[in-house]
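Breakdown of the fold
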Amino acid sequence: MIQVKNLSVQYPDMKAKALTDISLSLKKGDFVCVLGKSGAGKSTFIRCLNGLQKPTSGEIYFDDQDISIHSEEKLRKVRRETGMIFQHFSLVPRLSVIQNVLTGMFGYRSSFKNLIGWFSADELAFAKQVIADVGLSDMTYRKVEQLSGGQKQRVGIARALAQQPKVLLGDEPVASLDPGTSNHIFTLLTEMHERLDLLTIINVHDIELAKRYASRILALKDGKLIFDGLPADFTDSQYRETYTSNPQTAFFDAGI
Ligand SMILES: Nc1ncnc2c1ncn2[C@@H]1O[C@H](COP(=O)(O)OP(=O)(O)OP(=O)(O)O)[C@@H](O)[C@H]1O
């Protein structure tokens, strides 16, 4: 479904590459957790997959379409078919749950309908259905600013599902949540992943969550892919390698 070939990203004014020569295939049904310490390149990788970040070199194929060649038409299709959830939710706080969820459908509608905020009965029914799927039916008309962090992330997931995505991407979606709520969110993500037969790719810091929920783990270190395999094969020594600093950068990692 997604093929990444020799992907490298170098930001301007940065000596080292954020990603170096990453090659892999991601297929429908994979529930992938991407591990790596801060600055390892996890967000850059996720952003490349939905076309938010342009590769410096290499190619990314989404359903056999090369999206590293940034044509607006291709990117629109990829973004429509890729739901995204974020650490800080990226919702509109003063709008209601259903208003936020309806924005997930914007990619399928005309700009005029989006501008005037008109939705058909079928669209409203579908939005209510995905809100029910994430367990928030009784909060459908409540303002998002009145919700807890876990509830906000459920709205984030409902908005992503309203897109009817093929791929679900998460950039540290539980980093702001307590351990119990993080587990609930991952349980929900697993249910949606299975029910909708998605490709799910989630950046996460918590190795326990990755081992419990992922079918496949990727580990990045200094922009390089150092592990790609089953959670059971991600050993303590691989964990140490992923999270231990190189002697050259340890100084900075320690905040000195
Ligand atoms: N817009 C940018 N401009 C310049 N450098 C950037 C930019 N975004 C990220 N970087 C650099 O690229 C490297 C990888 O960053 P990235 O955000 O992908 O890492 P990460 O693993 O997601 O980190 P974290 O877990 O802290 O979010 C880091 O060295 C970072 O400083």
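Because the structure is predicted, anything quoted here is derived from the model rather than measured.

**What about the overall build of the chain?**
Regarding its fold elements, the chain presents ten helices and ten strands. In terms of overall dimensions, the chain is globule-like: its C-alpha atoms have a radius of gyration of 19 Å, near the 18 Å expected for 256 residues. Seen through its C-alpha atoms, the chain measures out along the principal axes to roughly 60 × 40 × 35 Å. Looking at the 256 residues of the chain, the share that counts as buried comes to 36%. Looking at the chain alone, contacts between residues at least 24 apart form 70% of all its contacts between residues at least 6 apart.

**Some words on the site of the ligand**
Taken together, the residues surrounding the ligand are Y11, M14, A18, G36, S38, G39, A40, G41, K42, S43 and T44. Each residue belonging to the shell around the ligand can be placed in one class, and the counts come to four nonpolar, six polar and one charged.

**A short note on unusual backbone geometry**
Phi angles above zero are rare outside glycine, and F89 is one such case at about 70°. Along the chain, F89 falls in the loop between strand 6 (82–86) and helix 3 (97–102). Residue classification places F89 among the buried positions, given that 21 C-beta atoms sit within 10 Å. For E172, which is not glycine, the phi dihedral falls at a positive 55°. Position of E172 among the secondary structure elements: in the loop between strand 7 (167–171) and helix 7 (179–196). For E172, a count of 19 C-beta atoms within 10 Å corresponds to the partly exposed category.

**Brief notes about the sheet that holds strand 9 (residues 216–221)**
Within the open sheet, the six strands sit side by side as 6-7-8-3-9-10. Their pairing is mixed. Pairing within the sheet leaves two strands with one partner each, and these edge strands are strand 6 and strand 10 (224–229). Ignoring strand direction, the axes of neighbouring strands in this sheet form an average angle of 15°. The pairing of strand 3 (residues 31–35) with strand 8 (residues 199–203) spans four bridges and is classified as parallel. Bridge pairing in strand 8 places C33 opposite I202. With respect to the sheet, helix 1 (residues 42–49) is in contact with strand 3, strand 7, strand 8 and strand 9, its orientation differing from that of strand 8 by roughly 150°.

**Structural notes on the sheet that holds strand 5 (residues 65–66)**
Taken together, four strands build an open sheet; the order of strands is 2-1-4-5 and the sheet is antiparallel. Strands with a single pairing partner mark the edges of an open sheet, and in this sheet they are strand 2 (19–26) and strand 5. Relative to strand 2, strand 1 (residues 2–9) is paired through five bridges, and the arrangement is antiparallel. Each bridged residue has a counterpart across the sheet, and for V9 the counterpart in strand 2 is L19.

**Details of the confidence of the model for the chain**
Confidence in the prediction of the chain, expressed as mean pLDDT, is 91, and 95% of residues score 70 or more. Summarising per-element confidence for the chain, the mean pLDDT is lowest in helix 10 (residues 247–253) (50) and highest in strand 3 (98). Low confidence marks residues 250–256, where pLDDT is under 50. Its contacts with residues over four positions away, or in another chain, come to three contacts.

**Focus on the pairing of strand 6**
Of all five residues that make up strand 6, four are buried, and the element is covered over most of its length. Strand direction decides the pairing type here: strand 6 and strand 7, joined by five bridges, are parallel. What sits directly across from F86, in strand 7, is D171.

**A word on the nonpolar core**
Judged by nonpolar contacts, the single largest core of 63 residues is most densely connected at C33, V34, V101, I131 and A158. If one sorts the elements of this core by residue count, helix 6 (residues 149–162) sits on top with six residues. Dropping the residues within four chain positions of it, A158 is found in contact with V101, V130, I131, D133, V134 and L136.

**Describing the environment of N100**
For N100, the position within the fold is in helix 3. The sequence separation of N100 and S71 amounts to 29 residues, and the corresponding C-alpha distance is 28 Å. In this structure N100 touches L91, V92, L95, V144, V155 and R159, once residues within four positions along its chain are discounted.

Parameters and conventions
For every chain, the first residue of the written sequence is number 1, and numbering continues from 1 onward in sequence order. Restriction of local features to residues with pLDDT of at least 70 applies here, the model being predicted, together with a cutoff of 80 or more for giving and counting side-chain atom pairs; totals for whole chains, interfaces and linings are based on all residues. Going along the chain from the N terminus, every DSSP run of H or I of four or more residues is numbered as a helix, and every run of E of two or more is numbered as a strand. Note that the radius of gyration is over C-alpha atoms, with the globule rule given as 2.2 Å times the number of residues to the power 0.38. Here a residue counts as buried when 20 or more other C-beta atoms sit within 10 Å of its C-beta, as exposed when there are 12 or fewer, and as partly exposed otherwise, the C-beta atoms being derived from the backbone. Residues are treated as contacting if the C-beta atoms built from their backbones sit within 7 Å of each other. Using the backbone to place each C-beta atom, any residue with that atom within 6 Å of a molecule or strand is considered near it. When residues are sorted by character, Ala, Val, Leu, Ile, Met, Phe, Trp, Tyr, Cys and Pro go into the nonpolar class, Asp, Glu, Lys and Arg into the charged class, and all the rest, Gly among them, into the polar class. A pair of strands is treated as paired once DSSP finds two or more bridges between them. An axis is simply a line fitted to the C-alpha atoms; with a helix, the fit covers only the stretch in contact. Between two such axes, the angle follows the N-to-C directions and lies from 0 to 180 degrees. The predictor reports its confidence for every residue as pLDDT, a score running from 0 up to 100. To form a nonpolar core, buried Ala, Val, Leu, Ile, Met, Phe, Trp, Tyr and Cys residues must be joined through C-beta atoms within 7 Å.

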